[in-house]
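Now for the letters of each chain:
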Amino acid sequence: MDVLINVFVALHIIGIASLLGGFLTQMKAMGAGTARFSPAMLHGALTMLITGIALVGLNQADDHTVNNLKVGIKLAVLVVILGLVYVKRDEEKVDKGLFAAVGGLTMANIFIATLWV
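Summarised in this report is the structure supplied together with it.

Turning to helix 3 (residues 39-61), a few remarks are in order. When the terminal C-alpha atoms of helix 3 are compared, their 33 Å separation across 23 residues agrees well with the 33 Å that a helix rising 1.5 Å per residue should span. All of the buried residues along helix 3 are Met 41, Leu 42, Gly 44, Ala 45, Met 48, Thr 51, Gly 52, Leu 55 and Leu 58.

Have a look at this one:
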């Protein structure tokens, strides 16, 4: 079971890398006001959602303790990110504030995951 959990952790990290990488590659465009949400950002957020849910289930099935408050907050942040990216995915340019909010929420999710013990 540990190998399966580690595979899903790796896939979860790939999802966050896709979401954050998509944001970081658009930083220059954000400054110019031409940033847009890339498909990689949407797919990364969806990957995080699916693998995160799988990780909670696998950890509970393996009798590991799961911090439900932490998971709930991370899920809420991810749902906001996913909603923003999904709704604005087809627009040629996204407002700077909205684009920055997605990047900030993504970073917040990373810090919640790593610093909250």
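On the surface, Leu 24, Met 27, Met 107, Phe 111 and Leu 115 cluster together to form a nonpolar patch covering roughly 490 Å² of accessible area. It is helix 5 (residues 96-115) that provides the largest number of residues to the nonpolar patch, a total of 3 residues. Counting through the fold element by element, Leu 24 comes out in helix 1 (residues 2-25).

For the rest of this paragraph, the subject is the packing of helix 3 against helix 4 (residues 68-87). At a closest axis distance of 9 Å, the pairing of helix 3 and helix 4 adopts a crossing angle of 160°. Judged on the interaxial angle alone, helix 4 and helix 3 are roughly antiparallel. Note that helix 3 runs across helix 4; the crossing there is left-handed. Facing Met 41, Leu 42, Ala 45, Leu 46, Met 48, Leu 49, Val 56 and Gln 60 of helix 3, the residues of helix 4 in contact are Asn 68, Val 71, Leu 75, Leu 78, Leu 82, Val 85 and Tyr 86. Counted by class, the contact of helix 3 with helix 4 contains 13 nonpolar, 2 polar and no charged residues.

Cut-offs applied
Residues numbered from 1 in each chain as written. Predicted model: local features only at pLDDT ≥ 70, side-chain atom pairs only at ≥ 80, totals over all residues. Heavy atoms only, no water. Helix = DSSP H or I, 4+ residues; strand = E, 2+ residues; numbered from the N terminus. Expected span 1.5 Å × (residues − 1). Buried < 20%, exposed > 50% of the residue type's maximum accessible area, 1.4 Å probe, protein only. Patch = residues over 30% accessible without salt bridge, like charges linked within 9 Å, V, L, I, M, F, W, Y side chains within 5 Å. Areas by Shrake-Rupley, 256 points an atom, 1.4 Å probe, with all protein chains shown as cover. Salt bridge = Lys/Arg side-chain N within 4 Å of Asp/Glu carboxyl O. Axes fitted to C-alpha atoms, helices over the stretch in contact; angles between N-to-C directions. Parallel < 35°, antiparallel > 145°, perpendicular 65-115°, else oblique. Left-handed = near helix turned anticlockwise from the far one by under 90°. Contact = heavy atoms within 4.5 Å. Nonpolar A, V, L, I, M, F, W, Y, C, P; charged D, E, K, R; others polar.

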